[in-house]
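Summary of structural features
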Amino acid sequence: MFRLSLLFISLTYVLFAHSNITDNLKIQLDQAGDDSTRVDLLNELSKSYRSDNPDTALHLANEALRLAKRIGYDKGQAAALNKLAIIYKRQGRADTALQLQIRGKEILEHSPHQKTLADIYNNIANLYKLSGNYEEALTYHFKSLAIRDSLGLKKEIAQSYNNIGITLRQSKMDKSALHYFRQSLAIKQALNDRKGMAATWNNIAISYDNIDSNRLALQYYRKSLVLYRQLNMDNGVARALKNIGTVHEEMGRFDSALYYYHTSLPLQTKHDDRIGLASNYNNIGSLYYTRGKPDSAIAYFHKSLDLAIEIPESSIIEKAYFNLSEVYESLGQPTRALYYFQKFSDIKDSLLNESIARSIASLPAQYEVGKREKEIRNLKSERKEKINEIRQKTLVISLLAIVMVLIVLLGVVIVFNYHQKQKNLSLNHKQTINSMLQDQAAKSLDAMINGQEKERKRIAREVHDRLGSLISTVKYHYSSMESKVKNLSLENKSHFDEVNQLIDETAREIRKIAHNMESGILTTFGLLAALDDLKATLAKTGRIQMNVIAHGLDNRLESSLEIQLFRIIQELVSNCLKHAKASQIIISLTTNDDILNIMVQDDGIGFEPDKPSFKPGMGLKNIQTRVEQLKGTWSIDSGRGNGSTIILDIPITR
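A few points on the structure. (Residues numbered from 1 in each chain as written. Predicted model: local features only at pLDDT ≥ 70, side-chain atom pairs only at ≥ 80, totals over all residues. Heavy atoms only, no water.)

1. A look at the sheet that holds strand β3 (residues 595-602)
Within the open sheet, the five strands sit side by side as β1-β2-β3-β5-β4. Their pairing is mixed. Lying at the two open borders of the sheet, with one neighbouring strand each, are β1 (545-551) and β4 (633-638). The sheet shows a mean angle of 10° between the axes of neighbouring strands, direction not considered. In terms of strand pairing, strand β2 (residues 584-592) meets β3 through eight bridges, oriented antiparallel. Bridge pairing links asparagine 592 to isoleucine 595 in β3. Along the sheet, helix α9 (residues 174-190) makes contact with β2, β3, β4 and β5 (644-651), crossing β3 at roughly 155°. Sheet strands touched by helix α24 (residues 559-579): β2, β3 and β5. Its angle to β5, the strand with the most contacts, is close to 170°. (Pairing = 2+ DSSP bridges. Helix = DSSP H or I, 4+ residues; strand = E, 2+ residues; numbered from the N terminus. Axes fitted to C-alpha atoms, helices over the stretch in contact; angles between N-to-C directions. Contact = heavy atoms within 4.5 Å.)

Okay, structure coming up:
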């Protein structure tokens, strides 16, 4: 009775305090003029009404948006769009919410309100994540992180790391997710954010659970449970207990699992966590069914179903119908089994239709996002045009040099030889691709890349040495005529000087051609361009997909460092092709102060570097030598059947 009275008093106090805040905002609004203060008050009032009266909240946010537009108050416009987006998201209109957040982003992208822009990027990422578009979600989470990092917002940086981890986990990349969860945890520990620490330990545990590391999953779930209990956060305690029960069930410890499921039930009931309760009832029913107690299983499946229908929560309803169908079939009651299976099929079809409807509704949002994608495509197109421009210029200048020095025969031979070599290279490429299909696409990649580099350097030397020396000879003989030029007429003297200048210019251009051909894409355009070129080469094989994620590499690194880093990554990719049997490689490059973090992950068969019997091959030894030369560190995270992740930290200077 005392507890009920205390709960009533607490609820009354909260409602009274909320009412006072709302009334105070109304008074201030009546006194405000048509300025930025009024916009801020309208936005705050909208937030106040959001839960109890969403229609009023929408009206107030729209009024704030109209006024902010009229007076040119960018931050107020973005805030109003954010308030509208939150309301629409709660109403299940995530696509409309995404369009509104993108409008807010476009308003603030060139404004000084960078902290607000970072929050909007974070909101956009979460909406993409909700629709299953994890690639776009990661892009916007990294954009948000970059701004927060530049502003030194530690709490928000930890949030970004955590959100990146969750997105990677939902993309089935739990090992990469663990890397970001740990970075988030380190900041929360430094800030003594105990609530955040408990949540992050829970996230780490889920990822370990997903990769079947049950021991580590239990360890982190228990750390989370202890801290939630210290903080008196019963909802967190209930979640941790249920998760611990799930791990025990996976390990075949059914009594322990049942104990943890039942222990979490009163806490879920206390906090009216109906989704958690419905899910928990379903788990308990499954356990009883596994242990040969169909009557108890049926009772809990019905509890789960009734509560899920009341919420409603379609995914749990679907599970309950399927489980009831299975248990009745095992009892030899085909009529009931068929009834519940038909219910399961109906709701599954309904969920599919909802998914199709959401896809159709997302088309306007995709149109907005397409603007940004078009900008990226334009940037890539510009880079390709620059490369083509260099190649075209090389050909034109080469032809000019040949005409000027009247060495047509030699020029034809060199050009013919060059084209023959290119044809041979093209043929070698085709043969290489066939060989890669037969032999795990490994050794031929190195041979192809090294062959291209050697051939480019050979042609560069040939242009420099042979054409360069011929031009020098022509220049020497031509200069020897200067003593006789004095006797020429003024007009002939002018022609002589013109030709002399053209010979000098031709010599300079030949040296420039040789330099450009020898340096290649890596030296000319940098590490990221070289990785994109490597990605395109791998894509032609059709056997493996490579993705590159870069954060903070807006400026070029020192040239020799970029070459060393590319060789290390090239060696790692080559090792993956030789041994991993992978279908996907992800390369992540992130700068943090004066450290470049490189993570190369594949989804292949993995290996066990911690075993005494493991002996590193020549490739790993080469990588170790290169990393030591750069005064960096590296580590391997791999296990048999779990893919592999290589993490490198390399000091850099800007």
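Next comes the rest of the description.
2. Comments concerning empty space enclosed by the protein
Under the definition given, this model contains two cavities of 30 Å³ or more. Empty space within the largest cavity amounts to approximately 70 Å³. Lining the largest cavity are Phe142, Leu168, Met173, Ser176, Tyr180, Ile549, Ile586, Ser588, Met599 and Gln601. Of the residues belonging to the lining of the largest cavity, the class tally is seven nonpolar, three polar and no charged. Approximately 30 Å³ is the volume found for the second largest cavity. Forming the boundary of the second largest cavity are Leu145, Asp149, Tyr161, His551, Thr590, Thr591 and Asn592. Going through the elements one at a time, α7 (134-151) and β2 are the ones with two or more residues in the lining of the second largest cavity. Looking at the lining of the second largest cavity element by element, the count peaks at three residues for β2. (1 Å grid on protein atoms, 1.4 Å probe; cavity = no way out; pocket = protein on both sides within 12 Å on 5 of 7 lines; lining within 4 Å. Points joined across faces, edges and corners; volume = space filled by probe spheres on them. Nonpolar A, V, L, I, M, F, W, Y, C, P; charged D, E, K, R; others polar.)

3. Quick notes on the nonpolar core
In terms of nonpolar packing, the biggest core is built from 42 residues, with Ile164, Leu168, Tyr180, Trp201, Ile204 and Tyr208 touching the most fellow members. Here the element with the most residues in this core is helix α11 (residues 214-230); it accounts for seven residues. By size, the runner-up hydrophobic cluster in this structure holds 37 residues, among which are Leu45, Ala57, Ala80 and Ala118. (Core = buried A, V, L, I, M, F, W, Y, C linked by side-chain atoms within 4.5 Å. Buried < 20%, exposed > 50% of the residue type's maximum accessible area, 1.4 Å probe, protein only.)

4. Description of helix α14 (residues 274-290)
Between its first and last C-alpha atoms α14 spans 24 Å; for 17 residues at 1.5 Å apiece the expected length is 24 Å, and the two agree. Residues Gly276, Leu277, Ala278, Asn280, Tyr281, Asn282, Asn283, Ile284, Gly285, Leu287 and Tyr288 constitute the buried set of α14. On its buried face, α14 is in contact with α12 (234-250), α13 (254-270), α15 (294-310) and α16 (314-330). Once α14 ends, the next one or two residues include glycine 292, with phi positive near 80°. (Expected span 1.5 Å × (residues − 1).)

5. Focus on the packing of aromatic side chains
The description of an aromatic ring pair rests on the distance of the ring centres and on the angle between the ring planes. Scanning all chains against the criterion turns up 13 aromatic pairs. Summarising the aromatic geometry, the rings of tyrosine 281 and tyrosine 300 are spaced 6.1 Å apart at their centres and angled 45° between planes, so their arrangement reads as tilted. Highlighted residues: tyrosine 281 in helix α14 and tyrosine 300 in helix α15, separated in sequence by 19 residues. Each member of the pair, tyrosine 281 as well as tyrosine 300, carries the same accessibility label: buried. On the basis of an interplanar angle of 45° and a centroid distance of 5.6 Å, the ring pair of phenylalanine 341 and phenylalanine 344 is categorised as tilted. (Phe/Tyr/Trp six-rings, centres within 6.5 Å; stacked < 30°, edge-to-face > 60°.)

6. Quick notes on the pairing of β5
Along β5, six of the eight residues are buried, which leaves the element largely enclosed by surrounding structure. Two strands pair when backbone bridges link them, and β3 and β5 are joined in this way by eight bridges, in the antiparallel orientation. Among the inter-strand pairings, methionine 599 is bridged to a residue of β5, identified as isoleucine 647. As paired elements, β4 and β5 share six bridges and run antiparallel to each other. Pairing of serine 638 across the sheet is with serine 644, part of β5.

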